Each structure stands twice: as C-alpha cells, then as structure tokens.
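# Results of the structural survey
This is what each chain is made of:
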Amino acid sequence: MELGYFAMPSHPPECGLKEGHDWDLQVLRWLDELGYQEAWIGEHHTAPWEPHPSPDLLIAQALLQTRNIRIGPGGFLLPYHHPAELANRVAMLDHLSNGRLNFGVAASGLPSDWAMFNVDGMSGQNRDMTREALEIILMMWTEPAPWTHKGKFWTVTKPDTMFDFLKPHIKPQQAPHPPIGVAGLSKNSDTLKLAGERGFIPMSLNLNPAYVGSHWDSVEAGAAKTGRTPSRRDWRMVREVFVADTDEEAWKLSTGDMMGRMMGEYFLPLLGHFGFKDYLKASPDVPDSDVTVEYCARNNWIVGSPATVTEKIEKIYQEVGGFGVLLVFGFDYKHKPEAWHNSLRLLKQEVLPRLKHLDASVGRAA
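A brief report on the enclosed structure follows. Just so we're clear, the structure is a prediction, and the values are computed from it rather than from any experiment.

Conventions and cut-offs
Each residue is numbered by its place in its chain's sequence as written, counting from 1. Confidence filtering applies because this is a predicted model: local features only for residues at pLDDT of at least 70, side-chain atom pairs given and counted only at 80 or more, and all residues used for totals across whole chains, interfaces and linings. Side-chain descriptors were evaluated using all non-hydrogen atoms of the structure, hydrogens and water having been removed beforehand. For each residue, the accessible area found with a 1.4 Å probe, counting protein chains only, is set against the maximum for its type, and the residue is called buried under 20%, exposed over 50%, and partly exposed in between. Labels follow the DSSP assignment, with helices taken as runs of H or I lasting at least four residues and strands as runs of E lasting at least two, numbered in each case from the N terminus. Arc definition: it is the arc formed by the directions from the helix axis to the C-beta atoms. By the convention used here, residues are in contact when the closest approach between their heavy atoms is within 4.5 Å. Pairing between strands requires that DSSP locate at least two bridges from one strand to the other. Here is how to tell: hold the view so the strands point away, follow the path from the first strand over the helix to the second, and if it runs clockwise the crossover is right-handed. Fitted lines through C-alpha atoms give the axes, limited to the stretch in contact for helices. The angle between two N-to-C directions lies from 0 to 180 degrees. Should an angle lie under 35 degrees it is considered roughly parallel, over 145 roughly antiparallel, and from 65 to 115 roughly perpendicular; all remaining angles are considered oblique. Should the near helix be turned counterclockwise from the far one by less than a right angle, the crossing is left-handed, whereas a clockwise turn marks it as right-handed. All amino acids are sorted into three groups, where Ala, Val, Leu, Ile, Met, Phe, Trp, Tyr, Cys and Pro are nonpolar, Asp, Glu, Lys and Arg are charged, and the leftover types, Gly among them, are polar.

### Notes on helix H2 (residues 55-65)
Of all the positions in H2, only Pro55, Asp56, Leu58, Ile59, Ala62 and Leu63 are classed as buried. In a view along the axis of H2, the buried residues occupy a sector of 155°, so they form one face of it. The outward face of H2, more than 90 degrees from its buried face, is lined by the exposed residues Leu57 and Leu64. Along its buried surface, H2 packs onto helix H1 (17-34), strand E2 (38-41), strand E3 (70-73), strand E4 (76-77) and helix H3 (83-96).

Encoded structure:
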C-alpha cells in the first residue's frame, strides 16, 4: 500500500484565499519530505469551504518546492474549460513537472457551480460534457492533424501546418499523456465505470467502507466492456485520517477541531441537501439525524493511535477487498500545524510499515 493526499482544498470561510493557498503549499512540502507518493488538488468555484478555482496555480508553485511527489488536479472540472485550451495547459504543466503530473478530471457536482456556468447538472449534462471534453483532450494529445471534432458541446479543429511554420505542437512530456484519475461517489458510479473502461485511475471518495465496496464492481463492469483486467493496486481510497500518540488525543484533534468543524458546518449539511447521507451509514436503517460528526468519526474516519489506525485501515482493506493507495483527506490545521504534520508523519512512519503484508492483488474476500 502507498500513501497520498486529497485536498479539496478545504479552508474555513473566514480564511483568506492566499492564507489557505500558503497552508496547502506547506502541506505539500511536508508530504514530499515524508515520502508520500502523490497529491490531488480539487477545483471549485462557489463553495466558501472549498475555495480554489484553479488547482494548476497551486500545482505549478508546489512543483517548484517539491522533488519527488506526484501532483495533479483532482480534478479539473471539465464542463467549465474549453478542451483544446485545457489540453495545451495541462501538457505545459506536465513539462513544468518534469513528468510528475497526474491529470485528474471530474464532472462537477455543485448546483451553485452549475448555475454559474449555465450547465444543466440535473439532467446529467455535466457528465456528458465531461466525456466529450476528455475525448477531445485525448485526441489533441494523440491524433495527428488535421482533424475537426464536431461534438454536442464543442467544435475543435487541430489544423494542419499553416504559412509553412504555424502548427499545433504542444504535447505532454509523459507519453502518451499523464496518468488520468477520476473520482466516484455514487453506487454503480458511471465515472468509475469509465475508469475501468479506459484504464484510468479510480478514486473512491470518503464514504462508508461498506458502501464503497460496490465501487470496484463499477470499475470491473467498465473494464469488461473493453476487455481490460483492472488492478486493485490502482484503486485510490480517500479517507479522513488523524493519527496521534493516543486515541483520546486523536479524537479530540479530529472531532473537536477542524475536521469536526468542516464536517458539521459544511459537508454533512451539503450531503443532507442532496439526500446523500445514506452513503455515510453503516446500515440503511440508521436515521439521517443520527449521522453526526461523531457518528462519522466512529464508523467512517480513521482516527486514533498508530495501533488503532493500523487496525482500522486493515479492516477497511478487508471489507472492500483490497486497494492500492490510501489518500488522506486534507483539512486546514494551520492553527495547529505541528499536530497535522505529526499525524502525516505517524501514518507514514509508524502505521504504513505495519501494513506491508497487505496485497492489493487479492480479490474480494468471500
């Protein structure tokens, strides 16, 4: 198993945009120093608790301040970008990264973002736009000119050479392109079926482990369409994690601090508006009113001493049938930086060595 990081990025509404950005940079430097494999940075436009509209700005700066960690958007919201422009921008970013770039894509799930960009998410238009945009981006990187794609949402031309020397020339450094990651939320997720179908990196967001187990079925269903054999080593699992020297300290620093505040003020109410609290329940008969911060901490979060956290990760691993990379869900602890750094350090240095016996190639336990 490897370790990575998934940042929305999350910051409280009173936090200044640059202040939050600087905290994210600090955490990315720590992750690199500690030997984390990768980090994914989200894009949102209308959520004060998720205040970063341009993950590539953070990524470009972080690449200059790190040496080994792979970094990528997690992901670019494809309905809101012209695919030809984004193809060129991501290709350039790949060169700036010296081949350390991952390319995460997403369809966007916030109705307020849909409203800002006039996208009809209720009808699934955002998902259709995402598929079309990704198709165009991949064509830009791999199909020789000349061609014209006339789609439902965009018409894009990759022209032949003009005036002897003007021509499309920007391609990623990684051939044929950076690894592509997609995140899934719902049961029977179409996004994760796409991951299986195309051989992309599947990422399961922070939900109840019993629920997330169905996500691998979606990956396999997609893979079956194209005759692929997906590897569980590629499966990323996003979880809330807080490790401290004792269980009591970890509980206090998580539920009683920024993790608890963000979940209580933003994430749980947001999921409630969408009717998504079922995704957090250990069993379907639990009433929505019981799905509190403390309930999530007990049933879904990975919180405790190194020994407790090891046990919880192993339990989740067995429940879902194995996965390859644990992505730590990022929170804003700039008011207690040493506690967050210590949690990341303990996870890498104390917990991970105790999980070496887990093998993500194993199938789901019977």
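### Observations concerning the pairing of strand E8 (residues 180-184)
Taken residue by residue, a regular strand's side chains alternate between the two faces of the sheet. The element E8 is extensively covered by neighbouring structure, given that 4 of its 5 residues are classed as buried. Judged from the 3 bridges that link them, strand E5 (residues 103-106) and E8 form a sheet pairing that is parallel. Of the residues in E8, the one forming a bridge with glycine 104 is glycine 181. The pairing of E8 with strand E9 (residues 201-204) spans 4 bridges and is parallel. By the bridge assignment for E9, valine 182 is matched with proline 202. In this region the chain leaves E8, passes through helix H6 (residues 190-198) and returns to the parallel neighbour E9; the handedness of that crossover is right-handed.

### Quick word on the sheet that holds strand E13 (residues 325-329)
Ordered in space as E3-E2-E1-E13-E10-E9-E8-E5-E4, the 9 strands form an open sheet in which the pairing is parallel. Unpaired on one side and paired on the other, E3 and E4 mark the two borders of the sheet. Here H6 sits on the sheet in contact with E8 and E9, set at roughly 150° to E8.

### Considering the packing of H2 against H3
Where H2 contacts H3, the two axes come as close as 10 Å, and the packing angle between them is 15°. By the angle between their directions, the pair H2 and H3 is classed as roughly parallel. Between H2 and H3 the crossing geometry is left-handed. Residues Asp56, Ile59, Ala60 and Leu63 of H2 lie in contact with H3, whose contacting residues are Arg89, Leu93 and Leu96. Tallied by class, residues from the contact of H2 with H3 come to 5 nonpolar, no polar and 2 charged.

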